[in-house]
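Chain and residue survey
If you want the building blocks of each chain, they are given just below.
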Amino acid sequence: MKEQELIQACQAGDRTAFRSLFESHKDRVYTLAMHYCRDPAQAEDITQEVFLELFHSLRQFRRQAAFSTWLHRIVVNRCLNARRRDRRWTDLEETPARAWTARERQEESYGQQQLAEAIEDAMQRLDPELRLLLALRYREELSYAEIAEATDCSIGTVSSRLNRAHRRLGKQLWEYRSCLK
Amino acid sequence: MSDEHVVDRLSEYLNGELPAAESSSVSEHVLRCRQCREELEVMRVGAAAAHELPAHRAPDGLWEKLEARLESPPEPAAAVPARGRWLRPWALAAGVLLGGFVFGHWLQTGMTSPYRSVLIGSAVCIVLGFLLGVLALIADMMKRQRCLLEELVYLNRNAHWRSPPGGSAATAQQSREVAPCLKQAT
């Protein structure tokens, strides 16, 4: 079933269609949430909240906007909400995310692991909002205009924030430049 | 144009977000300007690292947990207020009260006439409140100015590249781009 048909079926109350929609987008939503909060439990909560909101508001969805744009907006709002609600986030501390990704990367070579860990550390030091913008750009491959729409900012703001994110990341990973280019 | 530094356009340049003419102008500048070239190298490393961001797999059993919650309404996603804005009235009130209390106490213990102490204490409260209000106002204005400046620099920078001969479509587009920021600032 095509996405448009799935959405129409969901709007008609078809829960099987909603499950299909969930299955096709859950990893993307979870990935964005993980990059934002870097905590699997938090990311799971955010993912659930995103799909709950989607389930309850899908009837209001009109075809004027792309579904993915709409979904990205919900993800961004839910991430910001979660952070405001839970002020225990401590960005510079060792969070479960690093151990989690380390387990995922056991099969990689030592050099790759080191690089991956350095990137993890550098990402950890970025503001969550900047991490989310980077994930929207590089994981979701959104254009600056699409990111602006999802985050309800102007393109200029997106551009200057991404500029900052690139610069900070680049400075922290400068010693790995030969592996990264 | 080519002699201006292009540092604030490098992320757009790297991501192919600039119109062709502006992109080649940035390329030309970077070839001549060591400072921008070095900055571009740093940002290129940052972009390459960002390309390595991993995808994560949602945990198993997520659908079952979600399904159990589908019947209950979702928690409302209220708009996120600007950071620190909630603090200002409280800071203001606390500052005025504390200042008034300290000065009132000092004046009462240090002076003989109680009316004079109350008068001076009130005056001190008013002056303190006014100063704190002005400080809060300045901080807020600076924040808005920064946001607007960012927008203006961006629009000014792109105006001549994005405006069609008539200019109206681009102007409308730019207005749309600025609107959320203005809304936030006001």
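Everything below is about the structure shown above.
Let me begin by describing the structure that accompanies this report. (Residues numbered from 1 in each chain as written. Chains lettered and ligands numbered in written order. Predicted model: local features only at pLDDT ≥ 70, side-chain atom pairs only at ≥ 80, totals over all residues. Heavy atoms only, no water.)

Topic: the interface of chain B and chain A
- Residue-level contacts link 54 residues of chain B with 58 residues of chain A.
- Taken over both partners, the interface formed by chain B and chain A buries close to 5200 Å², and the fraction arising from carbon and sulfur atoms is 61%.
- Inspection of the region where chain B meets chain A yields two salt bridges.
- Note that B:Lys65 is salt-bridged to A:Glu44, the shortest N-O span being 2.5 Å.
- For the pair chain B and chain A, the interface holds 17 residue pairs in polar contact (both at pLDDT 80 or more).
- Among the elements of the structure, helix H1 (10–14), helix H3 (34–51), helix H4 (62–69), helix H6 (114–162) and helix H7 (168–185) of chain B are those that each provide at least two residues to the side of chain B that touches chain A.
- Tallying contributions element by element places H3(B) first for the side of chain B that touches chain A, with eleven residues.
- Of the residues in the side of chain B that touches chain A, the class split is 28 nonpolar, six polar and 20 charged. (Contact = heavy atoms within 4.5 Å. Buried area = accessible area lost by both parts, 1.4 Å probe. Salt bridge = Lys/Arg side-chain N within 4 Å of Asp/Glu carboxyl O. Polar contact = N/O pair within 3.5 Å; in protein donor to acceptor, adjacent residues only side chain to side chain. Helix = DSSP H or I, 4+ residues; strand = E, 2+ residues; numbered from the N terminus. Nonpolar A, V, L, I, M, F, W, Y, C, P; charged D, E, K, R; others polar.)

Let's talk about the packing of helix H3 (residues 40–57) of chain A against H4(B)
- Where H3(A) meets H4(B), the closest approach of the two axes is 10 Å, and the angle between their N-to-C directions is 50°. Classified by the angle between their axes, H3(A) and H4(B) sit oblique to one another. Here the hand of the crossing between H3(A) and H4(B) comes out right-handed. In this structure, H3(A) uses A:Glu44, A:Thr47, A:Gln48, A:Glu49, A:Phe51 and A:Leu52 to contact H4(B), whose residues at the interface are B:Leu62, B:Lys65, B:Leu66 and B:Arg69.
- Partitioned by chemical class, the residues of the contact of H3(A) with H4(B) number four nonpolar, two polar and four charged. (Axes fitted to C-alpha atoms, helices over the stretch in contact; angles between N-to-C directions. Parallel < 35°, antiparallel > 145°, perpendicular 65-115°, else oblique. Left-handed = near helix turned anticlockwise from the far one by under 90°.)

Section: the pattern of salt bridges
All names here are of chain A.
- Counted according to the given criterion, the structure contains 14 salt bridges over all chains.
- The salt bridge involving Arg 168 is made with Asp 127; its shortest N-O contact spans 3.7 Å. Highlighted residues: Arg 168 in helix H9 (residues 155–172) and Asp 127 in the loop between helix H6 (110–125) and helix H7 (128–138), separated in sequence by 41 residues.
- Residue classification places Arg 168 among the partly exposed positions, given a relative accessible area of 33%.
- A network of salt bridges, in which partner residues are shared, links Arg 19, Glu 23 and Lys 26. (Buried < 20%, exposed > 50% of the residue type's maximum accessible area, 1.4 Å probe, protein only.)

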